[in-house]
Each structure stands twice: as structure tokens, then as C-alpha cells.
Amino acid sequence: MENLSNLIDDQSALLIHEFCQKVCFKINESKETKEEIYEELKSNMEEEVIELVKNNFTSTEATKMVLQGYHSPQKMVNKLSEIYKTKKWLNGKLLKLAAFCLIFSIIFISTFYYWNFKYIKLQAEQFFDLLPDTVEFIENGVSLETEEMIKYGVDNFLSVQAAMISIVEYEDAYNFNGEYQYVYNSKERNRLFEKEREHIFNFPFYGISKRIPNSDIIVEAQIKLIQLSNNILYFGIFLFACYWFLFSTWAVSNLKYNHVNKLQLAVVIVLLFNIVGYLFYVKRNVASL
């Protein structure tokens, strides 16, 4: 197999080397980036010279034509500076956008789980404490005092939209017909959650029963809860997936920029383990210096 580099004579190779060196000397980049620029620029110029030599130009003529095409080292520096400036700008934006997606994914997912699985349960338990626990409050049905307590619970518990109360005998509790003696619905909360409720909120009912001590009377209650819909969770997961992709893209770009060993393996590790994989390779690369 022919060694194509032999088509370039020593003088032409020296001219290409000097041109690339001048470019790397003038450009304001890191040592690793300058080495990358030198190798890539030199390789491109040599390929162009070889193509011209194959078309019956001498090595000297071909090199002169290629150098004229690249104009001056300063013009090449200006061109490369714009490319790397754009690259740095994009990398910076990618990292910020990744951080934004991560922060808001955590907010959405944690809010969903806290509200639906802890906060609602806590407020249901607090609402249970508002139900009457003495016969005096229910001798003649639901008393005014009990109504005020139910109103207080609905108006002040953020996860409660409405409540329905009924007083039944213990033996009738299992045959309860669903007729409630007192119903309170928060109009203000209805207005607040009436728009786009299907996309953001669910409104399940939660049953509570409280037996009055030393009696056969049970207070039956149904409270209408304000629950976050699964769309909140799905959106949080979507944001986390966006973070994973954006950070992985940024990390792979930076690993390539810093010339880590076994880049393909580094890409796989970053895609699988994200920031942990990136930090592992950065630490490994620093240790090898």
C-alpha cells in the first residue's frame, strides 16, 4: 500500500508545520486545544496537498496553492477563534440549561410525592381531629359548633376542597345510604381550581369515620381532596430526562476537549452514570497528568 505522506517533500512539510505553529502560537486557547488544532489543521492541509500532487502538481506548487487558500495564519486564527468561541458559548448554555432542568425536575417530582403521599395524609388526620368527639355536639344532628369546625378545616387546609358530614348509629354504619346532613364546599377554592383541573389536579374523596366515646354514634365524613395529577410527575421526569441528555452532551464535549483516554468508553460511562461518570473521568484524567 502506497504511503501517501511521501508525496509531500521535506520543504513542503516544513512550510505546513510552520504555518500550523504560527496559528497555534497566536490563538488564545489551552495547550490541549492548541495541540488538537495543530493536528487537525496539519492533517487537512496535507490531504489537500496530496490531492493536488495526485493531479500532477509538484509538492512545492501544491503546498503554495494550499497556503494561498488558507491566506494568512492570522486569518485562520480569527476563523478558529470564532468557532471555539461559539463552542464555549454553547457549552456554557448547555450546562446552565441542564442545571435548570435538574432543579425544576427535583421541584416537580418532590412536590408531587410530598403533596400526594404526605401532606394530604397529614391534613386528613388533622381534619379527623376536628370532628366532634362528644355527644353534646351531635344530640340534635350536626351542631353549629361542628359546622364551624368543618368550615374552618375546609377553608384553612390547602388540600381540602369540600366536606360532607353525617351522624349515624353504630348498627347502621355499614348500611349508610350516603345522605349527609351537612355539606360545606369552598367557593373560593372552587374558583381557584376550576381551570385546567384535569391536567394539573385530581379531586378524590377520602372517607373518615369517628365513633363518639361511650356511645353508639358514629360521625361519617367524606372530604374532597385536592390532589396533584400524574402529569406533574410526568413533567418532572421529562425535565430530568432533559437534564440527563443535556449534561451528558456537555460532559462528552468537555471530555473530548480535554483529550481523555478511551473516549468511547468515557461516553458510555457518562451516558450511563451521568455526573458520577463525568467526575470519575475528570479525576482520572487529572491523576494521569
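Below is a summary of the structure that appears in this document.

Cut-offs used in this document
Residues numbered from 1 in each chain as written. Predicted model: local features only at pLDDT ≥ 70, side-chain atom pairs only at ≥ 80, totals over all residues. Heavy atoms only, no water. Core = buried A, V, L, I, M, F, W, Y, C linked by side-chain atoms within 4.5 Å. Buried < 20%, exposed > 50% of the residue type's maximum accessible area, 1.4 Å probe, protein only. Helix = DSSP H or I, 4+ residues; strand = E, 2+ residues; numbered from the N terminus. Contact = heavy atoms within 4.5 Å. Salt bridge = Lys/Arg side-chain N within 4 Å of Asp/Glu carboxyl O. Axes fitted to C-alpha atoms, helices over the stretch in contact; angles between N-to-C directions. Parallel < 35°, antiparallel > 145°, perpendicular 65-115°, else oblique. Left-handed = near helix turned anticlockwise from the far one by under 90°. Nonpolar A, V, L, I, M, F, W, Y, C, P; charged D, E, K, R; others polar. Expected span 1.5 Å × (residues − 1). Arc of directions from axis to C-beta. Phe/Tyr/Trp six-rings, centres within 6.5 Å; stacked < 30°, edge-to-face > 60°. Lys NZ or Arg CZ within 6 Å of the ring centre and 35° of its normal. Pairing = 2+ DSSP bridges.

Points about the nonpolar core
Grouped together as the largest cluster of nonpolar side chains are 32 residues, with contacts concentrated most on Phe127, Leu131, Ile150, Val154, Val160, Ile165 and Ile223. Broken down by element, the residue count for this core peaks at seven residues, all from helix H4 (residues 73-130). The residues contacting Leu131, other than those within four sequence positions of it, are Ile150, Ile165, Ile208, Lys210, Val219 and Ala221. If you look at the next biggest cluster of nonpolar residues, it comprises 23 residues, including Ile16, Val23, Leu52 and Met76.

A look at the pattern of salt bridges
Taken as a whole and assessed by the stated rule, the structure comprises four salt bridges. Glu46 serves as the salt-bridge partner of Lys42, at 2.9 Å between the closest nitrogen and oxygen. Here Glu46 and Lys42 lie together in helix H2 (residues 31-54), a separation of four residues that amounts to about one turn. Classification of Lys42 as partly exposed rests on a relative accessible area of 23%. Assessed through its relative accessible area of 22%, Glu46 is described here as partly exposed. As a salt-bridge pair, Glu148 and Lys151 come within 3.9 Å of each other at their nearest N and O atoms.

Notes on the packing of H2 against helix H3 (residues 59-69)
Two numbers describe how H2 lies on H3: the axes approach to 9 Å, and their chain directions differ by 130°. Relative to H3, the element H2 lies oblique. Viewed along their axes, H2 and H3 form a crossing whose handedness is right-handed. Residues Met45, Glu48, Val49, Leu52 and Val53 of H2 pack against Ser59, Ala62, Thr63, Met65, Val66 and Leu67 of H3. Split into classes, the residues belonging to the contact of H2 with H3 amount to eight nonpolar, two polar and one charged.

Section: helix H5 (residues 144-156)
Helical periodicity: at 3.6 residues per turn, an α-helix aligns residues three or four positions apart in one direction. For H5, with 13 residues, the first-to-last C-alpha span of 18 Å sits near the 18 Å given by 1.5 Å per residue. Turning to H5, its buried residues are Thr146, Glu147, Ile150, Gly153 and Val154. End-on view of H5: buried residues confined to an arc of 125°, all on one side of the axis.

Quick look at the packing of aromatic side chains
Scanning all chains against the criterion turns up 15 aromatic pairs. A ring pair is formed by Phe100 and Phe104, whose centres lie 4.6 Å apart and whose planes are at 40°; its orientation type is tilted. Highlighted residues: Phe100 and Phe104, both in helix H4, separated by four residues, approximately one helical turn. According to the relative accessible area criterion, Phe100 is partly exposed, its value standing at 43%. Arranged with centres 6.5 Å apart and planes meeting at 45°, the rings of Phe201 and Phe203 form a pair that is tilted. Members of the aromatic cluster, connected to one another through ring pairs, are Phe240, Tyr243, Trp244, Phe247 and Trp250. Across from the ring centre of Phe128, 5.0 Å away, lies the NZ or CZ of Lys210, which sits over that ring.

Section: the sheet that holds strand S1 (residues 160-169)
In space, the four strands of this open sheet follow the order S2-S1-S5-S4, with antiparallel pairing throughout. A single partner strand is all that each edge strand has here, and the edge strands are strand S2 (182-185) and strand S4 (205-211). With strand direction ignored, the average angle separating the axes of adjacent strands in the sheet is 15°. Where S1 lies against S2, four bridges are found, and the strand directions are antiparallel. Residue pairing in the sheet places Ala162 in a bridge with Asn185 of S2.

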